[in-house]
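# Structural characterization, general
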Amino acid sequence: MTIDSDEDRLPDAQELELIAALSEARIRAIDAALLAAASADWRKLAFLVAHAMTGPARARGIPDVYYAERVRQLIAKGVLEARGNLSRMRYCEVWLSEQLRSD
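Residues numbered from 1 in each chain as written. Predicted model: local features only at pLDDT ≥ 70, side-chain atom pairs only at ≥ 80, totals over all residues. Heavy atoms only, no water.

Identification of the protein as DUF3658 domain-containing protein from Marilutibacter maris is taken from an unreviewed UniProt entry.

## Regarding the overall build of the protein
Here is the rule we go by: Helix and strand assignments follow DSSP, with helices taken as H or I runs no shorter than four residues and strands as E runs no shorter than two, numbered in order from the N terminus. As defined in this context, the radius of gyration uses C-alpha atoms, and a globule is described by 2.2 Å times the residue total to the power 0.38. Using a 1.4 Å probe on the protein chains alone, a residue whose accessible area is under 20% of its type maximum counts as buried, one over 50% counts as exposed, and one in between counts as partly exposed. Contacts were defined at the residue level, with two residues in contact if any of their heavy atoms lie within 4.5 Å. In summary, the charge assignment counts Lys and Arg as positive and Asp and Glu as negative, without counting His or the chain termini. Charge positions are represented by NZ for Lys, CZ for Arg, CG for Asp and CD for Glu.
Along the protein, the regular secondary structure elements total five helices and three strands. In sequence order, the secondary structure elements of the protein are arranged as α-α-β-α-α-β-β-α. Its C-alpha atoms give the protein a radius of gyration of 14 Å, within 12% of the compact-globule value 13 Å for 103 residues. For the protein, with 103 residues in total, the buried portion stands at 33%. Expressed as a percentage of contacts within the protein between residues at least 6 apart in sequence, the contacts between residues at least 24 apart total 57%. Of the side-chain charges in the protein, 14 are positive and 16 negative, and the distance between the mean point of each set is 4 Å.

## Topic: the side chain of Ser97
Defined as follows: Polar contacts, as counted here, are pairs of nitrogen or oxygen atoms within 3.5 Å of one another; within protein the pair requires one atom able to donate a hydrogen and one able to accept it, and residues that are adjacent in sequence qualify only if both atoms are side-chain atoms.
Tracing the backbone shows Ser97 in the loop between strand 3 (92-96) and helix 5 (98-102). Exposure remark for Ser97: the relative accessible area of 5% places this residue in the buried category. Engagement of the side chain of Ser97 in a polar contact is seen with the backbone oxygen of Gly78, the distance being 3.3 Å. Excluding its chain neighbours within four sequence positions, the residues that come into contact with Ser97 are Gly78, Val79, Leu80 and Glu81.

## Examining the packing of helix 2 (residues 24-37) against helix 3 (residues 45-54)
Formally: Here an angle of 0 to 180 degrees is reported between the N-to-C directions of two axes, which are lines fitted to C-alpha atoms, with helices fitted over the stretch in contact. Orientation is classified from the angle alone, with under 35 degrees giving roughly parallel, over 145 giving roughly antiparallel, 65 to 115 giving roughly perpendicular, and any other angle giving oblique. Take the far helix as the reference: if the near one is turned anticlockwise from it by less than a right angle, the crossing is left-handed, and if turned clockwise, right-handed. Three residue categories are used. Nonpolar comprises Ala, Val, Leu, Ile, Met, Phe, Trp, Tyr, Cys and Pro, charged comprises Asp, Glu, Lys and Arg, and polar comprises the others, including Gly.
Their axes nearest at 8 Å, the elements helix 2 and helix 3 cross at an angle of 130°. Taken together, helix 2 and helix 3 sit at an angle that is classed as oblique. Crossing handedness for the pair helix 2 and helix 3: right-handed. Within the contact between the two elements, helix 2 uses Ala33, Leu34, Ala36 and Ala37 and helix 3 uses Phe47, Leu48, Val49, His51 and Ala52. Partitioned by chemical class, the residues of the contact of helix 2 with helix 3 number eight nonpolar, one polar and no charged.

Below you can see the structure in the form of structure tokens.
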């Protein structure tokens, strides 16, 4: 068994252009999809990303690492909490902040 020790890749130049072109409305839709996948139980960051990337908020050509970056932004805002390595989606778990879990 091989252990994957690499961090998630960075977006390439073409993906960065697509990311820069995202509207505020599209970014809010991505954030909403990520929050919809979160719960009061720990879930893999990769699960939240996959949920948002396959749902109506999907933005074609936008890489998974951008969705993971949006999760990091939601964590910074205190909406989500995480444990594990945020630079490795498969090795990080996320849940709703304590305030949202108690609502």
